[in-house]
Amino acid sequence: VPLPVRACAGTANTRVLTPRLAHVLSPRKAWPHEILAVTFTNKAAREMKERIGHLIGNVVEGMTWLGTFHAIGVKILRNHAELAGLRSGFSILDDDDQVRLLKQLLQAEGIDEKRWPARQLANAIDGWKNRGLTPENVPKGEGFSFANGLGGKLYADYQARLKTVNAADFGDLLLEVLRIFQNHPDVLKTYQQRFKYMLVDEYQDTNVAQYLWLKLLA
């Protein structure tokens, strides 16, 4: 049964999850690896792990599914990389790598990067990915808003180039996992059966892609 906890910022709402986890783990309602605990920052994940360790000891080391959305996304994507057109050893591009790759695509299309900055396109692509939109699902009006109508095409070209160089960006760690869950019900069922409990810190801040894959898992 879903149990929301509402609290103002700075009122230790994140800490509420710690005794909740201990309550599940101590009487063996679930094993550590059967719990999905999602936070928004690495710092929050570390703090939660430390607090649980103080309460129930070394069993916390078995909580392999406690982390940020992106950290959990990496783990799932490496397990099923081939379903996303990648190999398990794929690299993860940072913001600068992403912009460099987009600059190459702009140059190949003969687009003036001073007029249509790669950083602007990177922001648009990140926004689409956070909304769970693949290139073919981007609204035409939005796709046409960059480089006189080439935004959608450049997004598609960018995704194809990522596959060619066996790489993913941070948005893919959410989007590709979402696509795997949507397109491969057998994989989704495996994770649905794996997780007996799901705890999400700062749930109100989830973007569309995060919400959609949490909903599928639940």
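See the structure above.
All figures in this text were calculated on a predicted structure; none of them were measured in a lab.

1. Brief notes about the overall build of the protein
On a plain count of helices and strands, the protein comes out with ten helices and five strands. Seen through its principal axes, the protein has C-alpha atoms that stretch 65 × 40 × 25 Å. Evaluated residue by residue, the protein yields a buried proportion of 42% over its 218 residues. For the protein, the proportion of contacts with a sequence separation of at least 24, taken over those separated by at least 6, is 71%. Of the side chains in the protein, 28 bear a positive and 23 a negative charge, and the two mean positions are spaced by 5 Å.

2. Some details on the nonpolar core
Core analysis: the biggest nonpolar cluster contains 27 residues, and Leu77, Phe181, Tyr191, Trp213 and Leu217 have the highest contact counts within it. Residue contributions to this core peak at six residues, all from helix 8 (residues 172-183). Residues contacting Trp213, with those up to four places away along its chain left out, are Phe69, Ile72, Leu174, Leu178 and Phe181. Judged by nonpolar contacts, the second largest core, of 23 residues, contains Leu105, Ala147, Tyr155 and Leu175.

3. Let's talk about a nonpolar patch on the surface
The grouping of Leu3, Val5 and Val16 at the surface amounts to a nonpolar patch, some 270 Å² of accessible area in total. Of note, Leu3 is situated in the segment before helix 1 (13-25).

4. What about helix 8?
In a regular helix each residue adds 1.5 Å, so twelve residues correspond to 16 Å; helix 8 covers 15 Å between its end C-alpha atoms and thus fits that length. Taking burial as the measure, the twelve residues of helix 8 include nine buried ones, the bulk of the element. Those residues of helix 8 that sit buried are Asp172, Leu173, Leu174, Leu175, Glu176, Val177, Leu178, Ile180 and Phe181.

5. Things to note about the pattern of salt bridges
As enumerated under the stated definition, the model contains ten salt bridges in all. A salt bridge links Lys153 to Glu109, with the nearest nitrogen and oxygen atoms 2.6 Å apart. With Lys153 in helix 7 (residues 151-164) and Glu109 in the loop between helix 4 (95-108) and helix 5 (118-130), this residue pair connects regions lying 44 residues apart in the sequence. The partly exposed category is assigned to Glu109, whose relative accessible area is 32%. Between Lys129 and Asp169 there is a salt bridge whose closest N-O contact spans 2.8 Å. Taken together, the residues span a long stretch of sequence, with Lys129 in helix 5 and Asp169 in the loop between strand 4 (167-168) and helix 8 at a distance of 40 residues. Of the two residues examined, Lys129 and Asp169, each falls in the buried class. In the salt-bridge network here, residues are joined through shared partners; they are Glu109, Lys153 and Asp157.

6. Notes on the packing of helix 4 against helix 7
Orientation of helix 4 relative to helix 7, taken along the N-to-C sense of each, is 120°, at an axis distance of 10 Å. Taken together, helix 4 and helix 7 sit at an angle that is classed as oblique. Both helix 4 and helix 7 take part in a crossing whose hand is right-handed. Residues Gln98, Leu101, Leu102, Gln104, Leu105 and Leu106 of helix 4 form the contact with helix 7, whose participating residues are Leu154, Asp157, Tyr158, Arg161 and Leu162. Looking at the contact of helix 4 with helix 7 residue by residue, the classes come out as seven nonpolar, two polar and two charged.

7. Considering the environment of Leu77
Here Leu77 is to be found in helix 3 (residues 69-79). The exposure class assigned to Leu77 is buried, which follows from its relative accessible area of 0%. For Leu77 and Leu173, which are 96 residues apart along the polypeptide, the C-alpha to C-alpha distance reads 7.0 Å. If sequence neighbours within four positions are ignored, Leu77 has contacts with Ala84, Leu86, Phe90, Asp172, Leu173, Glu176, Val177 and Ile180.

Definitions and cut-offs
- Residues numbered from 1 in each chain as written.
- Predicted model: local features only at pLDDT ≥ 70, side-chain atom pairs only at ≥ 80, totals over all residues.
- Heavy atoms only, no water.
- Helix = DSSP H or I, 4+ residues; strand = E, 2+ residues; numbered from the N terminus.
- Buried < 20%, exposed > 50% of the residue type's maximum accessible area, 1.4 Å probe, protein only.
- Contact = heavy atoms within 4.5 Å.
- Lys, Arg positive; Asp, Glu negative; His and termini not counted.
- Charge placed at Lys NZ, Arg CZ, Asp CG, Glu CD.
- Core = buried A, V, L, I, M, F, W, Y, C linked by side-chain atoms within 4.5 Å.
- Patch = residues over 30% accessible without salt bridge, like charges linked within 9 Å, V, L, I, M, F, W, Y side chains within 5 Å.
- Areas by Shrake-Rupley, 256 points an atom, 1.4 Å probe, with all protein chains shown as cover.
- Salt bridge = Lys/Arg side-chain N within 4 Å of Asp/Glu carboxyl O.
- Expected span 1.5 Å × (residues − 1).
- Axes fitted to C-alpha atoms, helices over the stretch in contact; angles between N-to-C directions.
- Parallel < 35°, antiparallel > 145°, perpendicular 65-115°, else oblique.
- Left-handed = near helix turned anticlockwise from the far one by under 90°.
- Nonpolar A, V, L, I, M, F, W, Y, C, P; charged D, E, K, R; others polar.

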